[in-house]
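A look at the structure
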Amino acid sequence: MKINRKIHKGDNVEIISGKDKGKRGEIVRVFEKGEHCRVIVGGANLVKKAIKRRSQQDAGGIAEVEAPLDISNVMLVCKKCGKPVRAGYKIDGDTKIRVCRKCGEKL
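Let me begin by describing the structure that accompanies this report. (Residues numbered from 1 in each chain as written. Predicted model: local features only at pLDDT ≥ 70, side-chain atom pairs only at ≥ 80, totals over all residues. Heavy atoms only, no water.)

Examining the pairing of strand β9 (residues 87-92)
Stated formally: We treat two strands as partners when DSSP finds at least two bridges between them. Numbering of helices and strands runs from the N terminus; a helix is a DSSP stretch of H or I covering at least four residues, while a strand is a stretch of E covering at least two.
Pairing of β9 with strand β10 (residues 95-100) involves 6 bridges; the strand directions are antiparallel. Bridge assignment links G88 to a residue of β10, and that residue is V99.

Considering the pattern of salt bridges
Cut-off, in case you're wondering: By convention in these notes, a salt bridge is any Lys or Arg side-chain nitrogen within 4 Å of a carboxyl oxygen on Asp or Glu. Partly exposed describes any residue whose relative accessible area lies between the buried limit of under 20% and the exposed limit of over 50%, with all areas from a 1.4 Å probe on protein chains only and scaled to the type maximum.
Tallied over the entire structure, the rule returns 4 salt bridges. For R24, the salt bridge goes to E14, with nearest N and O atoms at 2.8 Å. Linking R24 in strand β2 (residues 24-33) with E14 in strand β1 (residues 12-15), this pair joins segments that are 10 residues apart in sequence. The partly exposed category is assigned to R24, whose relative accessible area is 46%. Assessed through its relative accessible area of 14%, E14 is described here as buried. As a salt-bridge pair, D20 and K23 come within 3.4 Å of each other at their nearest N and O atoms. The class of D20 is buried, set by a relative accessible area of 11%. A residue is classified by how much of its surface remains accessible, and K23, at 39% relative accessible area, is partly exposed.

Quick look at the structure:
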């Protein structure tokens, strides 16, 4: 089943719930699995992860990595408004473009 998601890789978003509420960042990766969709936001939702030592030169230890968030916990940030907004669609000729629901600016 294909999810109709309005958030894509490279979009600027704001986290609207959770421990990093209010932080802004760019979407690094999108995971789609069935009906669930998760995203990784750059510099947000950092968790500590144990890294195994692979060779003599490679240092193992504990590293901070970005963990996925549910797509419902982030909102697009409009370039013009500077606020988190919902995305809408407009048909421009043959193409369908995402627009800001508040100001109508192309996202």
